[in-house]
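# Chain and residue survey
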Amino acid sequence: MAGIRWSPEDADLLPARPPGDPVSDDDRSVAADSWSIKSDYGSTVDDDQRHADAVEGFSGCSFPAASDYSSDKDAPDANEIVTSLMGSQSYWNATYAENLANLPEHGNSSEVWFGVEVMDILVKWTKNLCANICQGLDQSDNNSCKSEPSDTFRDLYSWRVLDIGTGNGLLLQELAKQGFHDLTGVDYSERAIELAKTLAVRGGFSYINFAVDDVLETKLGRSFQLVMDKGTLDAIGLHPDCPVKRMMYWDSVSHLVAPGGILAITSCNSTKDELLQEVEQFNQQRLGSQEDNSSPESAVFQYLDHVQTYPTVTLGGVDGSRVTTVALVRR
């Protein structure tokens, strides 16, 4: 569940939304049933209770629907929710099973989510962002906060890094090339983890840790200084129960990101403004009221920075990027 796949022939075109035909009631049932992973780790929280808690927390919130492209202009219809089997675990299991079957023929080649150019920009931006935090530097004039340096953030080599919905694990390999070493990738698809482990060994990165884990029901017993999400929130947004699942997502990642740590979300289906609006709604839900959220220090997540150098396209006379990356700091 590392992200949305663009075929080579469509790489230079502006995608509307991730592909997927409207699904029938039976398909929705299959997708919903397949979402909850049954891993070897067991479950520490009753699934029905987690669902009920998320529904209660979601009441009163209105998450924006997916946008046609990542421009910060023209808000979409808030009542529009597009679902797809790409939001189901069975889809990703089948996808990565096919990738594994093709390994003998194609060797180390594997798809790069959002394209090679986006990957290159993302990993270099991430390294610079973390290096600046190590030095206690501001990220930009528009920042709403500044992370203070601490001993645990001095050396990128020792940073605890988590990639949720890691898929084939190629993002972690690129981060390793940038100097990160304590790297962990999780995915709820066992086939994805099998593929990621195989590619990491072949690429000379056998020290990268991979485990089967569902971010919505995570069994990880540690927090991380840097948590990366490249397309996972997008895939969750394609689930028939996406509003509830997205609330569960934010609750889970709030525990996975260490205080003072960074959550970097890369999306092809939400704009920067939409992601920040969703963060604001989560902050308000966690804190109970708008008044409690009036102070920047009271927020769970705060905006830190975003990538400003992704390729742009023009649609209907409006310039925008099909991909956005937003970095948030955990208070």
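Residues numbered from 1 in each chain as written. Predicted model: local features only at pLDDT ≥ 70, side-chain atom pairs only at ≥ 80, totals over all residues. Heavy atoms only, no water.

## Things to note about the sheet that holds strand 4 (residues 224-230)
With mixed pairing, 7 strands are arranged side by side in an open sheet as 3-2-1-4-5-9-6. What marks the edges here is a single partner per strand, and that holds for strand 3 (209-212) and strand 6 (301-306). On average, each strand axis in the sheet is inclined to that of its neighbour by 20°, with strand direction left out of account. Across 6 bridges, strand 4 lies against strand 5 (residues 257-267) in parallel orientation. If you follow Leu226 over to strand 5, its bridge partner there is Ile262. Contacts between helix 4 (residues 116-134) and the sheet are confined to strand 4, strand 5, strand 6 and strand 9 (324-330), with strand 4 contributing the most and set at about 160° to the helix. Most of the contacts of helix 8 (residues 242-256) go to strand 5, to which it runs at about 135°, and overall it touches strand 1 (160-164), strand 4, strand 5, strand 6 and strand 9. (Pairing = 2+ DSSP bridges. Helix = DSSP H or I, 4+ residues; strand = E, 2+ residues; numbered from the N terminus. Axes fitted to C-alpha atoms, helices over the stretch in contact; angles between N-to-C directions. Contact = heavy atoms within 4.5 Å.)

## Re the packing of aromatic side chains
Taken as a whole and judged by the stated rule, the model has 6 aromatic pairs. On the numbers, 5.4 Å between centres and 90° between planes, the contact of Tyr249 with Trp250 is edge-to-face. A residue is classified by how much of its surface remains accessible, and Tyr249, at 0% relative accessible area, is buried. The buried category is assigned to Trp250, whose relative accessible area is 0%. Taken together through their ring pairs, the aromatic side chains of Tyr249, Trp250, Phe282 and Phe301 make up a single cluster. Between Lys272 and the ring centre of Tyr303, over which it is positioned, the NZ or CZ distance is 5.5 Å. Over the face of the ring belonging to Phe301 we find Arg330, whose NZ or CZ atom lies 6.0 Å from the ring centre. (Phe/Tyr/Trp six-rings, centres within 6.5 Å; stacked < 30°, edge-to-face > 60°. Buried < 20%, exposed > 50% of the residue type's maximum accessible area, 1.4 Å probe, protein only. Lys NZ or Arg CZ within 6 Å of the ring centre and 35° of its normal.)

## Considerations on the packing of helix 4 against helix 5 (residues 170-177)
Packed helices, taken two at a time, are described by the angle between their axes plus the distance between the axes. Here helix 4 crosses helix 5 at 50°, and the two axes come no closer than 10 Å. As summarised for this structure, helix 4 and helix 5 are arranged oblique, according to the angle between their axes. For helix 4 against helix 5, the interelement crossing comes out right-handed. Facing helix 4, whose interface residues are Met119, Leu122, Val123 and Thr126, helix 5 presents Leu170, Leu171, Glu174 and Leu175. Each residue belonging to the contact of helix 4 with helix 5 can be placed in one class, and the counts come to 6 nonpolar, 1 polar and 1 charged. (Parallel < 35°, antiparallel > 145°, perpendicular 65-115°, else oblique. Left-handed = near helix turned anticlockwise from the far one by under 90°. Nonpolar A, V, L, I, M, F, W, Y, C, P; charged D, E, K, R; others polar.)

## What to know about the nonpolar core
In terms of nonpolar packing, the biggest core is built from 48 residues, with Trp159, Val161, Leu175, Phe180, Leu183, Leu226 and Ile262 touching the most fellow members. Contributions of two or more residues to this core are made by helix 3 (89-106), helix 4, helix 5, helix 6 (190-202), strand 3, strand 4 and strand 5. The biggest single contributor to this core is helix 4, with 10 residues. (Core = buried A, V, L, I, M, F, W, Y, C linked by side-chain atoms within 4.5 Å.)

## A word on the pairing of strand 3
A regular strand carries its side chains on alternate faces of the sheet. By the bridge criterion, 4 bridges tie strand 2 (residues 182-187) to strand 3 in an arrangement that is parallel. Within the sheet, the bridge partner assigned to Asp187 lies in strand 3 and is Val212. For the segment spanning strand 2, helix 6 and strand 3, crossover handedness is right-handed. (Right-handed = clockwise from strand over helix to strand, strands pointing away.)

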